[in-house]
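# Structural overview
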Amino acid sequence: MFDESRPIFFQIAEQVEEQVLDGTLPEGSRAPSSNELAAFHRINPATAAKGLNLLVDAGILHKQRGIGMFVSTGAQDLLRHRRREDFAATYLTPVLAEAARLGITREQLAQMLLNAKEEA
Amino acid sequence: MTTTPALELRSLSKRYRKRGNVVAALDDVSTTLQEGRIYGLLGRNGAGKSTLMSLATAQAFPTSGEALVFGHTAYEHRPTLATLCFVKESQKYPDDFEVRHALHCASLAFRHWDADFAARLVTELRLPTDRRIKKLSRGQLSAVGIVIGLASRAELTFFDEPYLGLDAVARQVFYDRLLEDFAEHPRTIVLSSHLIDEVADVLEHVLLLEDGRLVLDAPADEVRGGVTTLHGPTRAVLDAAGSHEVLARKDLGPVTQLTVKARYSGAELAAAEAQSIGVEPATLQQTIVFLTRAGERADA
């Protein structure tokens, strides 16, 4: 469920982000609590809370005293914007490295990209 | 905002004589355990885990130093003893005791005892309450300890290898109920364990003992992934390792597998991967094993 390369709280934050991004958690809806996340993933509640706090700091969630945490207005756009900025480093860099290793030129790569079928 | 720690160990030592030599079961251990957290007490057999728990719960006397439970030593101090629950690895019960007798005693001894919760755990762990404890299997004996340890809701609870003999299903029941109940009734829990990978995600903080000494005292998040294995062409691997401390090395022709004490992320990770180096962060268990072995080498 978790990989070891990054702290678990970070991965908890990512999973919630994923749900905000794809609309599973719409803006204005209540996010899972740290205890719910802890029980679901069988992790320490403090770890889950740390993950949620990352999202509060990033402006994706906000706290409502005594009720819980909610997805902020504009959270989806915020995440989309951030993901676009990270896109090159996350996806293109490894592709370019592997292409170089296999002797695929930039032109061939561009052609492959244009010929690639759109996924359904 | 300082609250009294749940447990404070001050230069705690336990020495005894063995064939004329003085052996330290626990050697000058100082640390502080905060309230409302789950701690992992890790270490190899004989590292001093059980000794530490016995001293903290006033079941044995230290040779020097002291253990303060909520600011007070527990020896013959009823209010402090009332905050403690120690589930021993091999708890002894009176010969004619049935499971229900042990649970009844626990219900009298622990002021926060939750009988409904205990009954639910008994059912889930399939514990025969009218069987004599002497006749129980190792797993069932562990289950008795788990019921008592969880349903007692003591402010400071120690579990010493709580899952011995338990099957995978019963162990999951334990972890699930522990987290669920901890969320509703936060308290300080110390789990001693050598099944590290299994408890890793449940722990907030890790204490590692080695030959009676406390060699690691850190948040689990910091420990996890703090050791990384690099795999690839020897020169590239050595470059990527840079000046990080090397914990293990294996060579196979032109390929090297190097385990270093470092966390790879961001630019360092990207650079290593660009050189076709496999970067594998260690699990908490692997990290502990590597750190323990590093200690052994340093001693040798």
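First, a word on scope: everything that follows refers to the structure included in this document.

Here we come to the overall build of chain A. Looking only at helices and strands, chain A features five helices and two strands. Walking chain A from its N terminus toward its C terminus, one meets helices and strands in the order α-α-α-β-β-α-α. The globule rule puts the C-alpha radius of gyration for 120 residues at 14 Å, and the 18 Å found for chain A is more than 25% above it. A principal-axis box enclosing the C-alpha atoms of chain A has dimensions of 55 × 30 × 25 Å. Across the 120 residues that make up chain A, the buried fraction comes to 28%. Counted over contacts in chain A with a minimum sequence separation of 6, partners at least 24 positions apart contribute 50%. By element, 56% of the accessible surface of chain A is carried by carbon and sulfur atoms, the whole surface being about 7800 Å². For chain A, the separation between the mean place of its 13 positive charges and that of its 16 negative charges on side chains is 4 Å.

Residues and elements named next belong to chain A. Among the secondary structure elements, Glu17 is positioned in helix 1 (residues 8-21). Judged by its relative accessible area of 8%, Glu17 falls in the buried class. Polar contacts involving the side chain of Glu17 include one to the side chain of Arg83, which spans 3.2 Å. Ignoring sequence-local partners within four residues, the contact set of Glu17 consists of Leu55, Leu79, Arg82 and Arg83.

So, about unusual backbone geometry. Backbone geometry places A:Arg42, a non-glycine residue, at a positive phi of 55°. A positive phi angle is found at B:Ala58, which is not glycine, with a value near 65°. Secondary-structure assignment places B:Ala58 in the loop between helix 1 (49-56) and strand 4 (64-69).

Below, the discussion takes up the packing of aromatic side chains. In this description, a pair of aromatic rings is defined by centroid distance and the angle of the planes. All names here are of chain B. Under the counting rule described, the total for this entry stands at five aromatic pairs over all chains. Their ring planes at 15° and their centres at 4.7 Å tell us that Phe61 and Tyr75 sit as a pair that is stacked. Of this pair, Phe61 sits in the loop between helix 1 and strand 4 while Tyr75 sits in the loop between strand 4 and helix 2 (78-81), and the two are 14 residues apart along the sequence. Taking relative accessible area as the criterion, Phe61 reaches 60% and is therefore assigned exposed.

This part takes up the interface of chain B and chain A. At the interface, 21 residues of chain B touch 17 residues of chain A. The contact between chain B and chain A buries some 1600 Å² in all, and 54% of this surface belongs to carbon and sulfur atoms. When the area that chain B buries against chain A is broken down by residue, the three leading residues are B:Leu179, B:Asp201 and B:Asp221, summing to 33%. Summed over the shared surface of chain B and chain A, the number is two salt bridges. Ionic pairing is found between B:Asp221 and A:Lys50, a salt bridge with its closest N-O pair at 3.8 Å.

The next subject is the sheet that holds strand 6 (residues 156-160) of chain B. Residues and elements named next belong to chain B. Reading across from one edge, 5-6-7-3-8-9 is the order of the six strands in this open sheet, with mixed pairing throughout. Whereas interior strands pair on both sides, the edge strands pair on one side only; in this sheet they are strand 5 (84-87) and strand 9 (213-219). Strand-to-strand, the axes of this sheet are offset by a mean angle of 15°, without reference to chain direction. With four bridges connecting them, strand 5 and strand 6 associate as parallel partners. Within the sheet, the bridge partner assigned to Val87 lies in strand 6 and is Phe159. Across the face of the sheet, helix 5 (residues 138-151) comes into contact with strand 5 and strand 6 while running at roughly 165° to strand 6. Running at roughly 160° to strand 7 (residues 188-193), helix 6 (residues 168-184) makes contact with strand 3 (38-43), strand 6 and strand 7 of the sheet.

Attention now moves to the sheet that holds strand 11 (residues 246-252) of chain B. Within a beta sheet, neighbouring strands are joined by backbone hydrogen bonds and run either parallel or antiparallel to one another. Residue and element names in this part refer to chain B. On the basis of which strands lie adjacent, the open sheet formed by four strands has the order 11-12-10-13 and antiparallel pairing. At either end of the open sheet lies a strand with only one pairing partner, and these are strand 11 and strand 13 (278-281). Ignoring which end each strand starts from, the neighbouring axes of this sheet average 15° apart. Looking at chain direction, strand 10 (residues 228-233) and strand 13 are connected through four bridges and run antiparallel. Its bridge partner being in strand 13, Thr228 is matched across the sheet by Pro281. The sheet strands contacting helix 9 (residues 234-241) are strand 10, strand 11 and strand 12 (255-260), and the helix crosses strand 10 at an angle near 145°.

Calculation rules
- Residues numbered from 1 in each chain as written.
- Chains lettered and ligands numbered in written order.
- Predicted model: local features only at pLDDT ≥ 70, side-chain atom pairs only at ≥ 80, totals over all residues.
- Heavy atoms only, no water.
- Helix = DSSP H or I, 4+ residues; strand = E, 2+ residues; numbered from the N terminus.
- Rg over C-alpha atoms; globule rule 2.2 N^0.38 Å.
- Buried < 20%, exposed > 50% of the residue type's maximum accessible area, 1.4 Å probe, protein only.
- Contact = heavy atoms within 4.5 Å.
- Areas by Shrake-Rupley, 256 points an atom, 1.4 Å probe, with all protein chains shown as cover.
- Lys, Arg positive; Asp, Glu negative; His and termini not counted.
- Charge placed at Lys NZ, Arg CZ, Asp CG, Glu CD.
- Polar contact = N/O pair within 3.5 Å; in protein donor to acceptor, adjacent residues only side chain to side chain.
- Phe/Tyr/Trp six-rings, centres within 6.5 Å; stacked < 30°, edge-to-face > 60°.
- Buried area = accessible area lost by both parts, 1.4 Å probe.
- Salt bridge = Lys/Arg side-chain N within 4 Å of Asp/Glu carboxyl O.
- Pairing = 2+ DSSP bridges.
- Axes fitted to C-alpha atoms, helices over the stretch in contact; angles between N-to-C directions.

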